[in-house]
Each structure stands twice: as C-alpha cells, then as structure tokens.
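# Analysis of the macromolecular model
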Amino acid sequence: MDGPWRGARSRRTRVVGLLTAAVVAAPVLAACGNGESGGNIINLYGAPEQNFQKVVDTCNQQAGGKYQIVYNKLPRGADGQREQMVRRLAADDTEMDILYLDNPWLAEFAEAGWLREWTGQDKAAAEAGVLAGPLQSTQYKGKTYAATKNTNVQLLWYRDDVVTTPPATWDEMIAQAKQLKAAGKPHTALITGKQYEGLVVQYNTLVASYGGKIVSDDGSKAVVDEGAVKALRTLKEFATAGIASASLTSSEEGDIQREFEAGNSAFELNWPFVYPAMQKGNPTLAKNFKWARYPGAVPGVPSKVTLGGANWGVSKHSRKPELAFAATLCLRSPENQLFSAVNDGVPPTIDSVFDRPEMIEAYPMKETIREELRDAANRPLTPSWQNVSSVLSTVLSPPSAIDPDKTAARLRTEIQDAIDSKGVLP
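Residues numbered from 1 in each chain as written. Predicted model: local features only at pLDDT ≥ 70, side-chain atom pairs only at ≥ 80, totals over all residues. Heavy atoms only, no water.

### A look at the overall build of the chain
Applied cut-off: Working definition: helices are DSSP H or I runs of at least four residues, strands are E runs of at least two. Numbering for both runs from the N terminus. Three labels apply to residues, based on accessible area from a 1.4 Å probe with only protein chains included: buried if under 20% of the type maximum, exposed if over 50%, partly exposed otherwise in between. Contact definition: two residues touch when any of their heavy atoms are within 4.5 Å. Each accessible area value is a Shrake-Rupley result obtained with a 1.4 Å probe; residue values ignore everything except the protein chains displayed when judging cover.
If you tally the helices and strands in the chain, you get 18 helices and eleven strands. Dimensions of the chain, computed from the C-alpha atoms along their principal axes, are close to 70 × 50 × 35 Å. Burial analysis of the chain (426 residues in total) assigns 59% to the buried set. Counting only contacts in the chain whose residues sit at least 6 apart along the sequence, the fraction spanning at least 24 positions is 77%. A total accessible area of about 15,900 Å² is found for the chain, and carbon and sulfur atoms account for 50% of it.

Here's what the structure looks like:
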C-alpha cells in the first residue's frame, strides 16, 4: 500500500529490462544529482512521507554541522522507486548516500554489490533493540547490509457483533464465515486477491505458517515443498467456499478496506492502516471493529506473518560512508521511529518504542503487532525476488483455479527459470 502503513505493494518491474535500461542511461544518470555532493552533504533517497522532513531536520540539528542530510523524494510507487535507484546505482552514481530499501530488495541490492556492509560499532548500534523479524530483513548471507527504518504486519480484523471468538486458523475462519452466511449475517472474508504482490504476501504467510519453503535459504533453488502445497490447497478452499468477496480477483488493500466499511463482511486480513480508516469511513461500525493475530495454518501453532516495511542502506558508491552511517543511525533512533510511527503511520522496529505512552492512542493494537513481529516471516531472500514475485502472482491468480499439485509443479519450474533468468516472464 502506498503512503502511510506501507505493506505490500505491486512490484512488476523486470530486472533484466531495468538493468538494460541502466546501461543505456548510464552516461546521463551519472551526471544526475542535486549538485550538492561536496562537503558534508549526505544525499538521502527515500519514499515520500508527509512528516519525514522533520526527522531529517532533527538529525541535522543534532549533528551540529557534522553532516547535512538532504531528503530527495523518490516516486510514490514501489516500482518507480526501485527503478530510479537501480538505474543510478548501476551507473556508479556517487551522488547517492543513504538508500530507501523496501524489504524484498535487500538481497538484490546486496548481491549486486551496491550496499556497504554494516560492521563493528555501527552494526551494533543499528541492531540495538530491534525485534527479530525486522532484524532478519537486514541480513543477507550472514552479513548485515541495512538498518531498519520501519516495519508492518497484517492482522485479522473482524466484527465482534457477529463473531464471538476470532478464528485462530484459516480453516476456522472459513467455517465461521459459512455459519454466518447460513444464518443470513454479514459473513464475507476479505483478502488481497488481485494478481499482484498482495496475493503473494497472503500465500507467503500461509507457506511460512505451514513451515514450508518457496525458495531455498540461499535463494538459488525453487523448492515449493509440502508446506507450500498445503498453502495452495488452503487458498483454493478459501476461494471456492462461497465466503470470499465477489471482487476477490480485483482486490487490493484499499479495496477490501472500503468493502469492509460497507458492512457486509465479517473478516479482513489487512495492514493496520484499516483501523484509523474505519474510524473515519464508518464510525458506527468502528465500535465493533476489532483485531486479533493473523490466523495460522496448523491448529495450536501461531501464524508466521509476512513483514512489510523498509530499511536504510548505505550506497557502495558513496564518497562519505562514515557520515552516511552516522546519519542513518540518527534516522533509525528510537525517538525518530516513535515520531514517524505516530505521525506517518509506519510502525517501529525497535521493541522499546512499543512501550512508549504515545503509542497507546495511535496503535491500540500494538501488542498484537509486536507479538507477530517477534516471529514474523520475510519474503524469500533471493536477488531474483522481483522475477519470482511476478511468477507467483501470475500462477496463483485466480486462486479458484489452483490445482495444488499441478500448480506446485508449475511453480517449481517457473520459479527456477526466474531465478536462472530463463524464459519469458509473465
């Protein structure tokens, strides 16, 4: 979702096409920049956030002249953000110092040699107090390549005037929705089912909750094991049980938020931005709008929910890496994460920030978020994630057409081709 509460977003950019464009554009892009590369200027390239300039101003004031961060805003969409950075980094652009990294980009950028490793005291400071799930998103092949910026996880949202006990598993959610439908009550269960990253996130969470794997730990092999096959069966059952929205295959995060606000649904799997949205969109229904941990796959086993969020990396091409590391540590400080969490709706990665009194009003669901973050799932750390994600979203859509064993076999072949850069991407 673009803007505050950023979680899953569409990522259909093709790696090969971008890198080819990077080579063509290199002579031009190498000359790009804001013209302030000298002295103590640190160029930060980040996603647009309404109040983030205040964080930058705070760090510049605290630096006392040591460095001056310049906030360069990337395009609003994830594809455009990544495209701009890939092109400039591939052209060895020295104007870029601190880089905004959507979680799934880390392996690609690190493997390409575009990120400096965090070591020593800088590494210790960057990792201080960070929850386990977000911390894992900064690491690739045993090394740390980023400092956490913010995080996010999806929750189960439900109506407590029709749901007595929130379901602990997908099977329970489907069963409860069927019972509500038979009783003529609001019953629809909403997920992001459009052919894009939102569908991939739902599947990845199911796979992780079954204890399965889509790609090997080193990111080089397609696996799609039995846990992944079970996840396909669950998606198929959900889509064909008569309880999914009629708009399942066209639904993104904002779509299901608005559909729930219309009053005909019982369940929604979505990011926490839906809570403040409900207070404005349907204040009457908001009184019965509650949350619980995202449903698991195996009875008695908590779900492992896919992380959203972003990190900060330091460019390998930066001419002032020491200053860039120092500036990044300020940006990720507990005070600045708290400010962004409350003012821009981007949940913190640092455990202690969740205990701050300012979080209570802004995040009444903060303990459920923190619980999920302690054992969250990352998307597979592979340099080819953009291609793998494109394959997944295509093969999984529509969920009603999934044939678990045949679909799994197709995924193994096409994901391996994507990893090996073979064939034509969907």
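What follows picks up the thread again.
### A few points about the nonpolar core
To keep things clear, this is the line we draw: Grouping buried Ala, Val, Leu, Ile, Met, Phe, Trp, Tyr and Cys residues that are joined through side-chain atoms within 4.5 Å yields what is termed a nonpolar core.
By size, the foremost hydrophobic cluster in this structure holds 79 residues, and its most contacted members are Trp170, Tyr203, Phe238, Phe267, Leu392, Leu411 and Ile415. Counting residues per element, this core draws most heavily on helix α9 (residues 226-240), which supplies seven residues.

### Points about helix α3 (residues 78-90)
So the rule is basically this: Multiply 1.5 Å by the residue count of a helix minus one, and that product is the helix's expected span.
End to end, α3 covers 18 Å across 13 residues, agreeing with the expected 18 Å (1.5 Å per residue, within 8%). By the burial criterion, the buried members of α3 are Ala78, Gln81, Arg82, Met85, Val86, Arg88 and Leu89. With its phi angle positive at about 60 degrees, Asp92 sits one or two positions after the end of α3.

### Observations regarding the side chain of His187
Along the chain, His187 falls in the loop between α7 (170-182) and β8 (188-190). Contacts of His187, omitting those with residues within four sequence positions, involve Ala177, Leu180, Lys181, Gly242, Ile243, Asn264, Ser265, Ala266 and Phe267.

### Side note on the packing of aromatic side chains
The cut-off we apply is this: Ring geometry is summarised as follows: Phe, Tyr and Trp rings, the Trp one being its six-membered ring, pair when their centres sit within 6.5 Å, and such pairs are stacked at plane angles under 30 degrees, edge-to-face over 60 and tilted between the two.
Taken as a whole, this structure holds 14 aromatic pairs when the rule is applied. Plain terms: the ring middles of Phe52 and Tyr71 are 5.0 Å apart, the flat faces sit at 80 degrees to each other, and that makes the pair edge-to-face. Residue Phe52 is located in helix α2 (residues 52-63), and its partner Tyr71 is located in strand β2 (residues 68-73); the two are separated by 19 residues in the primary sequence. The class for Phe52 is buried, based on a relative accessible area of 3%. Residue Tyr71 is classed as buried on the basis of its relative accessible area of 10%. For the ring pair Phe109 and Trp114, a centre distance of 5.4 Å and an interplane angle of 90 degrees mean the geometry is edge-to-face. Here Phe109 and Trp114 have matching classes, each one buried. Ring pairs connect the aromatic residues Phe52, Tyr71, Tyr100, Trp105, Phe109, Trp114 and Trp312, which therefore count as one cluster.

### A short note on the sheet that holds β8
How we decide: Pairing between strands is defined by DSSP: at least two bridges between them are needed. Convention adopted: a line fitted to C-alpha atoms gives each axis, helices being fitted over their contacting stretch, and angles between N-to-C directions are expressed from 0 to 180 degrees.
Sheet architecture is open: four strands sit in the order β8-β9-β7-β10, paired in mixed fashion. The open sheet is flanked by β8 and β10 (289-292), the only strands paired with a single partner. Sheet twist, expressed as the mean angle between neighbouring strand axes with direction ignored, is 20 degrees. In the sheet, β8 pairs with strand β9 (residues 265-270) via three bridges, with the strands oriented parallel. Considered in β9, the bridge of Leu190 is made with Glu268. Where helix α11 (residues 274-281) meets the sheet, it contacts β7 (155-159), β9 and β10, and its direction lies at approximately 170 degrees from that of β10.

### Observations regarding the state of the cysteines
Heads up, the rule is: In this description, a disulfide is simply a cysteine sulfur pair whose atoms lie within 2.5 Å.
Evaluation of the coordinates by the stated rule reveals one disulfide. Across a sulfur-sulfur distance of 2.1 Å, Cys59 and Cys330 are joined as a disulfide pair. Of note, the bridge from Cys59 to Cys330 carries an S-S torsion of about -100 degrees and is left-handed in sense. Of this pair, Cys59 sits in helix α2 while Cys330 sits in helix α13 (residues 321-331), and the two are 271 residues apart along the sequence. Owing to a relative accessible area of 0%, Cys59 belongs among the buried residues under this scheme. The exposure class of Cys330 is buried, given its relative accessible area of 10%.

### Topic: the environment of Lys66
Structurally, Lys66 can be placed in the loop between α2 and β2. Separated by 257 residues in sequence, Lys66 and Leu323 have C-alpha atoms that sit 7.8 Å apart. If we ignore the near neighbours within four places in the chain, the residues touching Lys66 are Asn40, Leu323 and Ala326.

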